[in-house]
Amino acid sequence: MKYQTELKDDMLFLRLQGDLIAGKDTQHMIEEVDGLQQGKVMLCAVDLSSVRFMDSSGMGVLVSLLTKFRNRGGELVLIKPSDHIRKLLIVTKLNAIFTIAENDDYAAQFLKESIY
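No experiment lies behind these values; they were computed from the predicted model shown.

Further remarks concern the nonpolar core. Membership of the largest hydrophobic core comes to 27 residues, with the highest contact counts inside it found for Leu14, Leu16, Leu20, Val46, Leu48 and Leu76. Those elements that place two or more of their residues in this core are strand S2 (11–20), helix H1 (24–38), strand S3 (43–54), helix H2 (56–71), strand S4 (75–79) and helix H3 (83–91). The biggest single contributor to this core is H2, with 6 residues. Apart from the residues within four sequence positions on either side, leucine 76 is in contact with Cys44, Val46, Leu65, Leu66, Phe69, Phe98 and Leu111.

Written out as structure tokens, the structure is:
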């Protein structure tokens, strides 16, 4: 898995690409997010539009990120997961805890509204 981080208006945008499975890339990403949270980043949007495959460990990564942000009073939203990822979220009932946005603008709007 590859990822990019982008800070826009005090929001972290994580752009994931490839297969979301546990490994050193995902661990490095979580550590980088931890570092950004120390800098008071409270809002995160995870772009899943380029994720081809996700297994249970990948779902665990998403839940871990969500928990980290919510425990600090922040919020996380998923951007445009593929049909495959959406089905996994529904089957595992994780769709009940994650907010899904169709693009960056909707994600940013939701995140801004979540802190007020």
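Summing up the model confidence of the protein, the mean pLDDT is 93 and the portion of residues at 70 or higher is 99%. Mean pLDDT per element in the protein: H1 is the minimum at 88, and S4 is the maximum at 97.

Residues Ala107, Ala108 and Leu111 constitute the buried set of helix H4 (residues 104–114). Looking straight down H4, one finds that the buried residues subtend no more than 95° of arc, so they occupy a single side. Facing away from the buried side of H4 by more than 90 degrees, the exposed set consists of Asp105, Tyr106 and Glu113. Where the residues of H4 are buried, they touch S2, S3, S4 and strand S5 (99–101). You can read the cap of H4 off the contacts: a side-chain oxygen lies 3.0 Å from the backbone nitrogen of aspartate 105, and it is on asparagine 103.

Calculation rules
Residues numbered from 1 in each chain as written. Predicted model: local features only at pLDDT ≥ 70, side-chain atom pairs only at ≥ 80, totals over all residues. Heavy atoms only, no water. Core = buried A, V, L, I, M, F, W, Y, C linked by side-chain atoms within 4.5 Å. Buried < 20%, exposed > 50% of the residue type's maximum accessible area, 1.4 Å probe, protein only. Helix = DSSP H or I, 4+ residues; strand = E, 2+ residues; numbered from the N terminus. Contact = heavy atoms within 4.5 Å. pLDDT = per-residue confidence, 0-100. Arc of directions from axis to C-beta. Polar contact = N/O pair within 3.5 Å; in protein donor to acceptor, adjacent residues only side chain to side chain.

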